[in-house]
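Read off the chains here:
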Amino acid sequence: MSVDWGRKEQQTLEEALSKFPAEKHSALDRFIRVASLLPDKGVRDVALRVRWMSRKEQGKRRKTEVDGGVGKKTGGRREGRAEKQSIFAMRPPAMPASGSQQQQQQQQQQQ
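Asks: What is the right way to read the nonpolar core from this model?
Replies: For soluble globular proteins, nonpolar side chains are generally found buried alongside one another. Listed in full, the 11 residues of the largest apolar core are Trp-5, Leu-13, Ala-16, Leu-17, Phe-20, Phe-31, Val-34, Ala-35, Leu-38, Val-46 and Val-50. For this core, the elements supplying multiple residues, two or more each, are α1 (7–19), α2 (27–36) and α3 (43–67). What Phe-31 contacts, discounting residues up to four positions off in sequence, is Val-43, Val-46, Ala-47 and Val-50.

Set out below in structure tokens:
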């Protein structure tokens, strides 16, 4: 298993991934085909590198969305999300007043 990836190997990997798109090939078949083009890499090496690349890309995308593309760090992870309210902080729904309670309330309002 080889952890180090040279520029040439990375370029070959990227070209092979575009040659064998995920829409047309299963993940395993795709990694086997790509690994066959890289003599010093195995299927596992390719799979791990592809996973690493996708996570790296997702991290870039997420940072761009949070930063607004400015490159400025913002607050915590919760920014932009609706705050969840504790179930203990919620009030039960108001119950409609019964007939006798409604009469009492009307009488109090008239006085």
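That shown, we press on.
Asks: I keep staring at the packing of aromatic side chains and nothing clicks. Help me out?
Replies: Aromatic ring pairs are described here by two measures, namely the spacing of the ring centres and the angle between the planes. If you walk through the whole model with that rule in mind, you get zero aromatic pairs. A cation sits over an aromatic face here: Lys-41 above Trp-5, 4.5 Å from the ring centre.

Asks: What should I look at first to understand α2 in this one?
Replies: Side chains three or four residues apart in an α-helix point the same way, a direct result of the helix having 3.6 residues per turn. Turning to α2, its buried residues number three or more, namely Arg-30, Phe-31, Val-34 and Ala-35. Taken down its axis, α2 places every buried residue within 130° of arc, on the same side. In this structure, α2 carries Leu-28 and Ser-36 as exposed residues pointing more than 90 degrees from its buried face.

Conventions we followed
- Residues numbered from 1 in each chain as written.
- Predicted model: local features only at pLDDT ≥ 70, side-chain atom pairs only at ≥ 80, totals over all residues.
- Heavy atoms only, no water.
- Core = buried A, V, L, I, M, F, W, Y, C linked by side-chain atoms within 4.5 Å.
- Buried < 20%, exposed > 50% of the residue type's maximum accessible area, 1.4 Å probe, protein only.
- Helix = DSSP H or I, 4+ residues; strand = E, 2+ residues; numbered from the N terminus.
- Contact = heavy atoms within 4.5 Å.
- Phe/Tyr/Trp six-rings, centres within 6.5 Å; stacked < 30°, edge-to-face > 60°.
- Lys NZ or Arg CZ within 6 Å of the ring centre and 35° of its normal.
- Arc of directions from axis to C-beta.

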